[in-house]
2 protein chains.
Amino acid sequence: MGTEVKLYGVCASPYNWRVVLALKQKGIEFEFIEEDLSNKSQMLLEYNPVHKKIPVLVHGGKPVCESIVILEYIEEKWPHNPLLPSDPYEKAVARFWLKFANDKFPAIIRMVLASGEEREEAIKETLEMLQTLEEHGLIREKKFFGDDKINMVDIAFSGIARYLEPIESYLGIKLLEADKFPNLLAWINNFKEVPIVKDTLPPLKPPQKKLD
Amino acid sequence: MGTEVKLYGVCASPYNWRVVLALKQKGIEFEFIEEDLSNKSQMLLEYNPVHKKIPVLVHGGKPVCESIVILEYIEEKWPHNPLLPSDPYEKAVARFWLKFANDKFPAIIRMVLASGEEREEAIKETLEMLQTLEEHGLIREKKFFGDDKINMVDIAFSGIARYLEPIESYLGIKLLEADKFPNLLAWINNFKEVPIVKDTLPPLKPPQKKLD
């Protein structure tokens, strides 16, 4: 056991990707164990008995659950290449946006998984989230939320860069119109050019036929 | 301005109470500004433009929003009388439960505010939350989540100690049955005996007539 690092996850999950990016940013070697969510492993159920969900980071035999909690743990344990500002006030601002990501990002997933009225509601919520990010100027005249390099807030919103465009294609809608979201679109382009992002972006399946 | 601390809040809010308890635990002097939620002050809207919600802590003129983010800020800024364990793994475990509190506690409020099917759903969710807390042994053979003194996790769940019993009376239901929740009931009793808790527990209005 010792200090080895294992990640129980699902390659296609945006929450899993957050942890992969943080580990890569810190240069930490880890073993990835792909879970089958339709037949969860005994280890996953033991490591996360409350939620029974991925991702779970296991370090030296001890599990840490919930993606943002895992990112905070990684930051505490391996403080080099910091993912949070050192100033307490700036750190609180970052954590405000981490909570915003936690609360609002699931709407993006619900756009795909839900249907009918619930899907419409998820589309509306996603658009509100994107507008808040665009309008609050966090990424205005900056490459990243973390200024000149990505930080934990960029990682928390990484799912937007990866999933939004394919979901738009899949649903046949356009949320990120170029004239309305210049800051967010610039951020997505900058983010996708980061080497660890490029290296860990697995190919997405082509959009499937709409289910309803 | 300098380093003065102000709290924009509502005395009856469980989220506000979290911040009051953390400030008291640290012995920090602060000015409390009671907001009228039906007519929010210009200051509140400026300080929390994203959510327009209380509580907002203003320190030296700079606002921090979202109760758990505020608690983390207080802990960073005034590290004496710590509210989180110093060990990174123990801190991650505490943060797991802080997220659990953030995600699940709102069901308690919805038991009162919602009606019909939505209220039934909120009651079910509240019961699941209470069972998880009871069964995962966090407070078994310990006075508090923080062991022999309260920590940030106790503060995050403080609303249970304060609101659950009056809400049970108001709704005419019993969730915390003595034989099923010995750990949680012991924790509530211990928590209510803590001097800063006793000193800041404002009297609750008598249960009003049920609305439906």
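Note that the structure is predicted; figures quoted are calculated from it, not measured.

A.B. asks: Explain a negative patch on the surface residue by residue, including any values.
C.D. replies: On the surface, A:Glu117, A:Glu118, A:Glu120 and A:Glu121 cluster together into a patch of negative charge. Take A:Glu120: it is sitting in helix 6 (residues 116–135).

A.B. asks: Kindly report on the pairing of strand 1 (residues 5–9) of chain B, identifying the contributing residues and their values.
C.D. replies: Residues and elements named next belong to chain B. Of all five residues making up strand 1, four are buried, and the element is well covered by its neighbours. Pairing of strand 1 with strand 3 (residues 56–59), which is carried by four bridges, proceeds in the antiparallel orientation. Bridge pairing in strand 3 links Leu7 to Leu57. Looking at chain direction, strand 1 and strand 2 (residues 31–34) are connected through four bridges and run parallel. The residue bridging Lys6 from the neighbouring strand is Glu31, located in strand 2. Of the crossover connections in this fold, the one passing from strand 1 over helix 1 (residues 14–26) to the parallel strand 2 is right-handed.

A.B. asks: Give a detailed account of helix 5 (residues 106–113) of chain A, specifying residues and quantitative values.
C.D. replies: Residue and element names in this part refer to chain A. The set of residues buried in helix 5 consists of Ala107, Ile108 and Met111. All buried residues of helix 5 lie within an arc of 110° about the axis, which places them on one face of the element. In this structure, the buried residues of helix 5 make contact with helix 4 (88–104), helix 6 and helix 8 (158–171).

A.B. asks: Please set out the sheet that holds strand 4 (residues 62–65) of chain A residue by residue, giving values where relevant.
C.D. replies: Through backbone hydrogen bonds, the strands of a sheet pair up, either in parallel or in antiparallel fashion. Residue and element names in this part refer to chain A. With mixed pairing, the four strands of this open sheet are ordered in space as 2-1-3-4. Strands at the two margins of the open sheet, each flanked by one partner only, are strand 2 (31–34) and strand 4. Strand-to-strand twist in this sheet, taken as the mean axis angle between neighbours without regard to direction, amounts to 20°. On top of the sheet, helix 1 (residues 14–26) reaches strand 1 (5–9), strand 2 and strand 3 (56–59); it is set at about 160° to strand 1, its chief contact.

A.B. asks: Kindly report on the domain arrangement of chain A, identifying the contributing residues and their values.
C.D. replies: Much of the literature gives interface size as the accessible area that the parts lose upon coming together. All names here are of chain A. Under the domain assignment, chain A is made up of domain 1 (5–77) and domain 2 (88–199). Centre-to-centre separation of domain 1 and domain 2, based on C-alpha positions: 22 Å. If you look at the interface, domain 1 gives 15 residues, while domain 2 gives 18 residues. Between domain 1 and domain 2, a total of about 1500 Å² is buried, with carbon and sulfur atoms accounting for 64% of that surface. It is Trp17, Arg18 and Leu21 that lose the most area in domain 1 upon contact with domain 2, and together they represent 37% of the buried surface on that side. Our enumeration of links across domain 1 and domain 2 arrives at one salt bridge. The shortest N-O distance in the salt bridge between Arg95 and Glu72 comes to 2.7 Å. On the surface where domain 1 and domain 2 come into contact, there are four residue pairs in polar contact (both at pLDDT 80 or more). Of all the secondary structure elements, the ones that give two or more residues to the side of domain 1 that touches domain 2 are helix 1 and helix 3 (67–77). Among the elements that line the side of domain 1 that touches domain 2, the one with the most residues is helix 1, at eight residues. Its residues assigned to classes, the side of domain 1 that touches domain 2 shows nine nonpolar, two polar and four charged.

Calculation notes
- The residue numbers shown here count from 1 along each chain, following its written sequence.
- Chains and ligands are labelled sequentially in the order written, the chains with letters from A and the ligands with numbers from 1.
- It should be noted that, the model being predicted, local features are given only for residues of pLDDT at least 70 and side-chain atom pairs only at 80 or more, the latter also being counted only at that level, while totals for whole chains, interfaces and linings use all residues.
- Note: side-chain values were computed over all heavy atoms of the structure, leaving out hydrogens and water.
- What goes into a patch is any residue over 30% in relative accessible area without a salt bridge, connected to like charges within 9 Å or, for nonpolar side chains (Val, Leu, Ile, Met, Phe, Trp, Tyr), within 5 Å.
- Here the open area of atoms and residues is found with the Shrake-Rupley method and a 1.4 Å probe, where only the protein chains shown may cover a residue.
- A pairing counts as a salt bridge when a side-chain nitrogen of Lys or Arg comes within 4 Å of a carboxyl oxygen of Asp or Glu.
- Working convention for charge: Lys and Arg count positive, Asp and Glu count negative, and His plus the chain ends are omitted.
- In plain terms, the charge of a residue is placed at NZ if it is Lys, CZ if Arg, CG if Asp and CD if Glu.
- Secondary structure elements are defined from DSSP: runs of H or I of at least 4 residues count as helices, runs of E of at least 2 residues count as strands, and each element is numbered from the N terminus.
- Relative accessibility under 20% of the residue-type maximum defines a buried residue, over 50% an exposed one, and the middle range a partly exposed one, all with a 1.4 Å probe and only protein chains included.
- We call two strands paired when DSSP finds no fewer than two bridges between them.
- Handedness of a crossover: with both strands directed away from the viewer, a clockwise path from the first strand across the helix to the second marks it as right-handed.
- The arc in question is the one spanned by the directions pointing from the helix axis to the C-beta atoms.
- Contacts are assigned to residue pairs that have any heavy atoms within 4.5 Å of one another.
- Each axis is a line fitted through C-alpha atoms, taken for helices only over the stretch in contact, and angles between the N-to-C directions span 0 to 180 degrees.
- Each domain's limits were defined by an automated method or a database of domain assignments.
- Here the quantity called buried area is the accessible surface, traced with a 1.4 Å probe, that two parts lose on coming together, added over both.
- Two N or O atoms form a polar contact when they lie within 3.5 Å of each other; inside protein one atom must be a possible hydrogen donor and the other a possible acceptor, and for residues adjacent in sequence the pair counts only when both atoms belong to side chains.
- Three residue categories are used. Nonpolar comprises Ala, Val, Leu, Ile, Met, Phe, Trp, Tyr, Cys and Pro, charged comprises Asp, Glu, Lys and Arg, and polar comprises the others, including Gly.

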